[in-house]
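Okay, here's what each chain looks like letter by letter:
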Amino acid sequence: MASKGWQHPYVNIFKHVRVEDWKRSAKEGEVSTCTDKRLKCSVFRIRGPVPANSFIMIPKNINQSLGLTGRFFYLLFRPTPGKYFVVHLDVSVEEGQVVRISFSNMFKEFKSTATWLQFPFLCGAAKDSVYESTAKSARHGLVGPAPTSVRWTCLTLDLQYALSVYLNRCYSQLKSIKLCANMAVKNMFTSNLLLDPGLSFSEAKLMGLVSSEGTGPVPRDMSFPVPKGGSWHDLYDHIRFPSEGTKLPFDSIQKDPPRPEASCVSDQRRPIREEPCFVSLSKPVQDRVSLIQQITAPKSIPRNQPPMVVTEIPELGLVSTHHSDDSLGQNTDQHQQETTSSEQFTPRPFWDTDDGGVHVHLHPEDGFSQHGEESEQEVVCTPVPRPVHLSSSNESRQQKLLPDPILRLNRIIGFGGATTKYALWSKSGDEVVYPCHAIIVSMKISSNQQRFFIGHTDKVSALAFNGNTTLLASAQTGSHSVVRVWDYHKGKCLAMSRIHAHSLSSLSFSYSGGILCGVGKDSHNKTMVVVWNTMNVSKGGEVSIIAKAHTDVDIHTMKVAFFDDTRMVSCGRDNIRLWRVRNGTLRSCPVNLAEYHSLDFTDVAFEEGNSFHQHLDDRTLFASSRSGYIFEIDYSRVVVRNVRRLLPAQQQHADHREKQTFNSGPGIAINSISVSSSFCATGSEDGFLRLWPLDFSAVFLEAEHEGPVSLVSVSSDSLQVLAATSTGNLGFLDVSSRGYNTLMRSHTDTVLGFSVDGIRRHLTSASSDGTVRIWNMDSLHQLYDFASEDSPCSVAFHPSEQVFSCGFSSGIVRVFDISAAKLLAEHKQHRGEVVGLAFSPDGEFMYSADSQGSLALYNASEEDLNVIRVVCNVVARGTEHAPDALAVSSDSRCLAFIGPSEYIVTIADSRSLDELLHVDVSILDVQSPRLDSALRVCFSPASTEHLLVATSSNKILWVSTKTGRLLREVSKVHKHQCSSLAVSEDSRFLLTAGHNAVKVWDYNMQLHINSQMFIGHSQPIRQVGFTPDQLGVVSVGDAIFLWDFLALPVDSLTDSRSPLVIRHTPAPKSVQPHTEVNGVRLSNGMPRRTAPLPSSPPPRLDISTLDLVDQGVLGSLSISDDPPTVPPASVADPSSDPRPSSSFLRVTELTHTSPLNSSLTDAVELKGKKPVRPDCYRHFIPRFKTSTLDQAAVAPQAGEEGIKLKAVIGYNGNGRSNMVWSPDRGLFAYSCGCVVVVEYLHTGSQRHLQGHSEEISCLAVTHDAQTVASAAGGSNGSRSLICIWDVQNGTCRSTISYHRGVQSLAFSRDDRFFLSVGDFSEPAVALWSSKTFQLLSSVSVSGPLHDAAFSPSAAGQLACVGRQGAFFCLIHTQGSDVDLKVQRVKAPSEVGEVELTALCYHTDSVLFTATNRGHVCVWDVNTQRCFMTWEADEGEIGVLLCRGNHLLTGSNTRWLRLWEVEAVRGVKPQEKVCIGEDSGTSVVLEQEIMLDGTTVSAAFDTSMDMGIVGTTAGTLWYINWSDCSSIRLVSGHKTQVNDVVFSSDERQFATCSEDGSVRVWSAPSNELVVQFQVLNQACGCVCWSPSSSTESACVAGGYSDGTLRIFRLSSSEMEMKLHPHQVAVTAIQYSADGHVILSAGKNGLVAVSSPMNGATIRIIRDHKGAPITTIQCVNEQCKNLELEGKEMWLAASADRRVSVWAADWLNDKCDLLDWLTFPAPAYIGDDSPPPSLAAFCPADPGLVVYTGYGVEKELSFYSLAKKQIIKTIALPDWATCLSLSCHSQLIAVGSKGRVLKLIKSSSGRFQDFLQHSDSLQTCRFSPSGKLLFTVAYNEILLWEVQDL
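Quick caveat, the model's predicted, so the values are computed rather than measured.

## A look at the overall build of the protein
Here comes step 1: Along the backbone of the protein there are eight helices and 138 strands.
Here comes step 2: Within the protein, counting contacts between residues at least 6 apart in sequence, those at least 24 apart form 54% of the total.
Here comes step 3: Of the roughly 71700 Å² that the protein leaves accessible, carbon and sulfur atoms contribute 48%.

## Looking at helix α3 (residues 159-167)
Owing to its 3.6 residues per turn, the α-helix brings residues three or four apart onto one side.
Here comes step 1: In terms of burial, α3 is a largely internal element, nine of the nine residues being buried.
Here comes step 2: Those residues of α3 lying buried are Leu-159, Gln-160, Tyr-161, Ala-162, Leu-163, Ser-164, Val-165, Tyr-166 and Leu-167.
Here comes step 3: At the N-terminal end of α3, a side-chain oxygen is found 3.2 Å from the backbone nitrogen of Gln-160, two or three residues along, and the residue is Asp-158.

## So, the packing of aromatic side chains
How two aromatic rings sit relative to each other is given by the distance of their centres and the angle of their planes.
Here comes step 1: Across all of its chains, the model carries 65 aromatic pairs by this definition.
Here comes step 2: With a centroid separation of 6.0 Å and an interplanar angle of 65°, the aromatic rings of Phe-1368 and Trp-1419 are classed as edge-to-face. Taken together, the residues Phe-1368 in strand β97 (residues 1365-1374) and Trp-1419 in strand β101 (residues 1415-1420) connect sequence positions 51 residues apart.
Here comes step 3: Here Trp-1419 falls in the buried class, since its relative accessible area comes to 1%.
Here comes step 4: Here the aromatic rings of Trp-1689 and Trp-1701 are separated by 5.4 Å at their centres, their planes lie at 5°, and the arrangement is stacked. You can see Trp-1689 sitting in strand β125 (residues 1687-1693) and its partner Trp-1701 sitting in strand β126 (residues 1697-1704), a full 12 residues away along the chain.
Here comes step 5: Overall, the relative accessible area of 6% leaves Trp-1701 in the buried class.

## Section: unusual backbone geometry
Here comes step 1: Of the consecutive residues Leu-402 and Pro-403, the connecting peptide bond is found in the cis state with omega at -5°.
Here comes step 2: The residue Pro-403 is located in the loop between β18 (390-391) and β19 (407-413) in this model.
Here comes step 3: The step from Gly-899 to Pro-900 runs through a cis peptide bond, and the omega angle for that step is 10°.
Here comes step 4: With respect to the helices and strands, Pro-900 occurs in the loop between β63 (894-898) and β64 (904-909).
Here comes step 5: Phi is positive for Glu-945, close to 55°, though the residue is something other than glycine.
Here comes step 6: Position of Glu-945 among the secondary structure elements: in the loop between β66 (934-939) and β67 (946-951).
Here comes step 7: Accessibility expressed as a relative area gives 23% for Glu-945, which makes it partly exposed.
Here comes step 8: Unlike most non-glycine residues, Gln-1030 shows phi in positive territory, near 65°.
Here comes step 9: Relative to the helices and strands, Gln-1030 resides in the loop between β74 (1023-1026) and β75 (1032-1036).

## Some thoughts on the sheet that holds strand β39 (residues 639-645)
Here comes step 1: Here four strands make up an open sheet; going across it, the order is β36-β37-β38-β39 and the pairing antiparallel. Because the sheet does not close on itself, it has two edges, and the strands there are β36 (601-606) and β39. Mean inter-strand twist for the sheet, computed between neighbouring axes without regard to direction, equals 20°.
Here comes step 2: Judged from the six bridges that link them, strand β38 (residues 629-634) and β39 form a sheet pairing that is antiparallel. When the bridges of β39 are listed, Asp-634 appears paired with Val-639.

## Some remarks on the pattern of salt bridges
Here comes step 1: Taken as a whole, this structure holds 50 salt bridges when the rule is applied.
Here comes step 2: As a salt-bridge pair, Lys-400 and Asp-404 come within 3.5 Å of each other at their nearest N and O atoms. The same class applies to Lys-400 as to Asp-404, namely buried.
Here comes step 3: For Lys-1797, the salt bridge identified is with Asp-1808, shortest N-O distance 2.6 Å. Note that Lys-1797 is positioned in strand β134 (residues 1796-1800) and Asp-1808 in strand β135 (residues 1805-1809), a separation of 11 residues in sequence. Summarising the burial analysis for this pair, Lys-1797 and Asp-1808 share the class buried.
Here comes step 4: Three or more residues joined by partner-sharing salt bridges are found here, namely Asp-1433, Glu-1434, Arg-1457 and Glu-1488.

Cut-offs and rules
- Residues numbered from 1 in each chain as written.
- Predicted model: local features only at pLDDT ≥ 70, side-chain atom pairs only at ≥ 80, totals over all residues.
- Heavy atoms only, no water.
- Helix = DSSP H or I, 4+ residues; strand = E, 2+ residues; numbered from the N terminus.
- Contact = heavy atoms within 4.5 Å.
- Areas by Shrake-Rupley, 256 points an atom, 1.4 Å probe, with all protein chains shown as cover.
- Buried < 20%, exposed > 50% of the residue type's maximum accessible area, 1.4 Å probe, protein only.
- Polar contact = N/O pair within 3.5 Å; in protein donor to acceptor, adjacent residues only side chain to side chain.
- Phe/Tyr/Trp six-rings, centres within 6.5 Å; stacked < 30°, edge-to-face > 60°.
- Pairing = 2+ DSSP bridges.
- Axes fitted to C-alpha atoms, helices over the stretch in contact; angles between N-to-C directions.
- Salt bridge = Lys/Arg side-chain N within 4 Å of Asp/Glu carboxyl O.

Worth remembering: the numbers are spatial, not functional.
Right, dumping it as structure tokens:
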């Protein structure tokens, strides 16, 4: 079997070893044979509770080998459903080592060692199953037991790939296989062919595939049976590794998507594919493997140079990584197709360099690290002759960030890191090589020009040159030390070796370069010496270990003798030893030190120079020690010749020091020694470099340094001496001139922050080493060094003057004048560490923030920088936002910071610190499953009005600085959290830093590949930024990195064309798809110069004959009246849904059983190109909700409801145009949540139109007021629902589903047509018939539309406005066809770059439009020209309404203004008038009124005398202009309502909310009586005093600052303020007799306070540590419970504990009656667990009802007398709120699924009510039980209770 030919084309492994005989194979545990029904053949079944105890082992003897050389391993198996399995493959590599490759669904993450690779296995599932859908969309957490629908699988594992990529090893053969439980196995085989199991032999013949091409079908005896006419992929799974499927954040083996064709892979024996230059790789390879950018320019290669066979390992350079963000980019599936190429490797000429620079593609989520902490940049190199760009073959140049790479490392300021003991001279003496953390720097001493050796992933701990400095060896520290050998002149890595040692501290090359010696520590912390053979490394050979020794001897330094490669010498504590390698062993002998045996030796050196050919007997060895001794040793005799000691200088007088000599006495520690042919150099602890003659008679030259000298090295010509200090300085002494030159100074600890003076090109840095330094960015010289006992934290340069400020950990801010070298100012107003420091760009102000939350403003125009204002508790506390916690806008107007909490970003006025805007990022980040917090903020240039926020969930949010709206977001920005970000001045690029990587992004995120990543730092980056000239980038952390920014200028990238993109949605008979009309200018009806390329016949374009010079054109489409087919506009009958009349929940008496199983369906979101939300308030954005409607809920049939909706409290101020009023018909309707409220103003009664499940966005009413239309979002990802309501009987006539979201609705003046406008996610205008509500026509546009309106009298005329301008539309009806002509006109140039936000018609020929900057534009409809503009408001106008000659404007400045516009009639359309100019034409502001919020809806009578206006504050105002009065018609809460409670007499009820307000309402009118407002606090709970007397009635509220406030209703004033808590109050309740108030805090403490004097009577600490969710008091005697007390009360906490107490407050008694603890498994959800809720049963207070997170979803009834649970009621969902009625044994339970469940506790009968649009958070029965309140966010519904 010496030949391998017998293994072709495949080897049947079971047949090869005759597995059924169990002679050459072994089985253990429960292994059996059975017949599989699907495969219709015998299979092996391996079962067992522990996978390692049941297995099949092939071969049986572990000392034998299968010897299978096939590259691909095929396993035909099926994992056991619900179980785990493990497979181990032992593989031999060409080096002789055995590597184990394991995969299992038990492994949570990929792990790698030198001999073991562990891959998580993701089990596939049946097609279209829930599990498969989840697996496609999820990004983590799918590793686990196999699903129940798991199928038979053919696994193809590329062994050569796995070893090559992950371990840089060459695959040799498969040695053994171990299949562990639990699985069924048909067979296994190996082959060099990549076979497709889904391909039959007949199909292969038709396709012309033959095995000689490396592919084909699976052999018949290995194939799975497929029924005739069936599809293989519908029955089985094919999993291939490397996978081309959805890539999870870890390396995993998972299911592939189907591939259209088989790919061909040739058999290659090298570890890495040896193809010329350009390589197309599959996505997993791009994710894992990369070649790193050459920092130095690669040498050009001649065109005629033939392809090279590569045998070397290249250098590991800076990584530039492309990253595409799915949330902003293309559709996910499409993206994968575009970035995935086949496994073929295509040659490309060397001179084809389209990549514009060579660097690595590294997946940002996949570190290739074997350290304890994952590293983002560790990559295994592969042999190539020059740097190679890895990219997808079909990746287009326009789709990636250019140029590539966009950064190039230029300079590094830094020296050392792990050590300052190593710095080397080149042979020529013109370059110095030294480590700077993880990078090796070679610097020319004449020009300070640097080049870099990059590849280490941890700090470099040792360096060594061979004799002629052609080879450089380097070692890195860490738990797994790596040694690299470099070609010094070419700058590339020749070889890399990993050794099982840590703390590698010493390296030494032999003179010839054939031997390399290293010293480290082994796993037992013993000294380990390793000797490598490097003789052939420069010729492409490998590095092999010659000898290795483990010893207890301490070794500080070890050097190879330059005269003999086999001899070494070492020194350390208590020893000097001579070593020799002979016959593969390493032996040593000690030097007899006699009485000096206890010295600590630091360095050794041979006498060199002309002694190369000296006889061995004449060799002299020098050794130095920490006690000042220098030993002169006879090498051949191994004896000490001389011992000398370096003594400190004797001070004769103050200015004279005696020449240093050797003598007796206390010595100075010598750290380093270097010997040349003529002198010896020493570096000592006292900071001196000294030169001695070889007899050490006296010092003839010395240089003093600032710190201990850690290294001295004499150049080969003996003319220069290199010296390094432990304080980070590196320089050299010129012996001939006696001059000293400093090459590099460095911080000795982490660099915390920096700032750049762009005028003088100076850079200042603050470091943890306690210094602030100023550097010249061109020469790298340190100019100034400011040292302080106080630690500096942050620095900032003045934008124009030579002044900088520095903040310290003590809170002091100091300002320095560099030119005068003096301290200008010192401010001590801060009490915590300064975390932010910034100057405004105009230089007028300076700002500072500290860790205690204070913010200070300084006058920077004055020399002493006086403090203008200090504000406390506005900045988020802590130091995690340092050093750039403050951001100033480029126009110096705004200041941004994180605070007052980490969830809030505040934008303040930069001149006064007045707060302008609060942005809560925890609700902006809609993708995050948990509460998101802000980490960094950064302004983009002021013209964009963007603020960028980096969050804790590794996202960057684009937020509007005007409105606070979320405009855009990018996910997975870095592997670790983003630590710094900056935007270029031209808003084209974004710079981010995360952990130790820098990324450059396309700011607009419009490319396929939006980012490039660059590495080099070995520690987390603290700050990154552009230089002021935008030509460079600075990043700081372990050192200061200066990068060249290579972005192309703007003019080379811009396209002069600015196309208008408008999509047409054809009507029914038209089969044309949505087509984009790429706007090109049309002139005089000539054809377009460019046209789209449709895949089907294009739509007919009817070009208008109007003047179209500046106008885009949409085509007119012929629309049929036939039923629509594309897109589906569904019309449904809401009454056609049959529902059961009653439902029951299971009630269990005295037993505990499981609740009903509820089916959980995972929603799969199809991600496409995410549209950007408009930056104007007029556009409707639904409130973010985490809840979805429970589809299993069943509403009761009409007439059988147990409760009926009585009233809706409030108005949804988040809607837009969601209120209609017809004064002539008396119709008044508005929306609240998902309910349309029709209110009768004369009686105050309501009728409710219920049919939506999501928040209603807008309303419209016909002119006869008989029909109302309402629009709301669809549930579970479906399209929006438009309901058409019959006002008379309150029924839904029809429903329409067309848009994703609806922005506006309108009826034509004759009520013939109905118009709907889609929101920003799919901007389109749809025209419907008002009779049949069939789609007549639709037009899509490229930008958002904000408003639309029909002409008041002209038939078929309408207009729309939006981002792109105004759209004038004409409806042409020809028989059954409808033509819609649309003409787009841009906003007039006089108003600048604006969005048109609202419109209304004045007359048929005049149209008013409003802008987001407060302008009103007047248009002539016939000519479509704007002939008048004026500024009507300072903010955005969102509401326009015209009646006669009066125009109403409403804006976000809260002003409602009435204008007299009769002057418009007198202006000729051809004239151009701007109000404000001396034109003689003017409009008149007649009246104005300020409301309580931004105007969102308005309706007025025909004379504009009276009307109704809605605001974002949730208020509907009645406005009467005749007397300029305003009356609240409807009031509601704007923010979340936390509690609602009835008074005891049910005449009033109180609500409280997050905005700090407590409101008291009258019943039954539901009108607001009084409102108590507390600023800057949230009110979390509220309760009534027991007294029903009007005079003594009080309301108490608990607030987020830990206070209680008691309000007396008779006086409408706060009566008392109590402060019993230090944290937020979560529950409050008066005792039953009213003598005390019980309150609970978030920390679990319960306070008992007196409402009379405010004193805290007692603190109950039993629940400490868990927030209290419920407190309830009942007036119940406790004698039957064997305790004295007049009342009982209970408290429930979040840790599922309930305490029940008996109290007599007048006698100061309060005893624990019972303590209930409910068990629960660990909560694994992404959100917070359900609350713990408890209440006394009203009919029997001896029963406590509890529900909360636990083993089962249920209501538990606990008897205090029997001390046990006597009954349970199963629930389908976790409860979020609970209330018990004293009437009819009813229980109300709310859930996150928006369902209110009314339960009869005796029978378990229940009904579901679905009237809320969000999860319920509060439900509360009235004291009588006849009324019920339910609350979801700010929706308050009042129900009338019937019975079940």
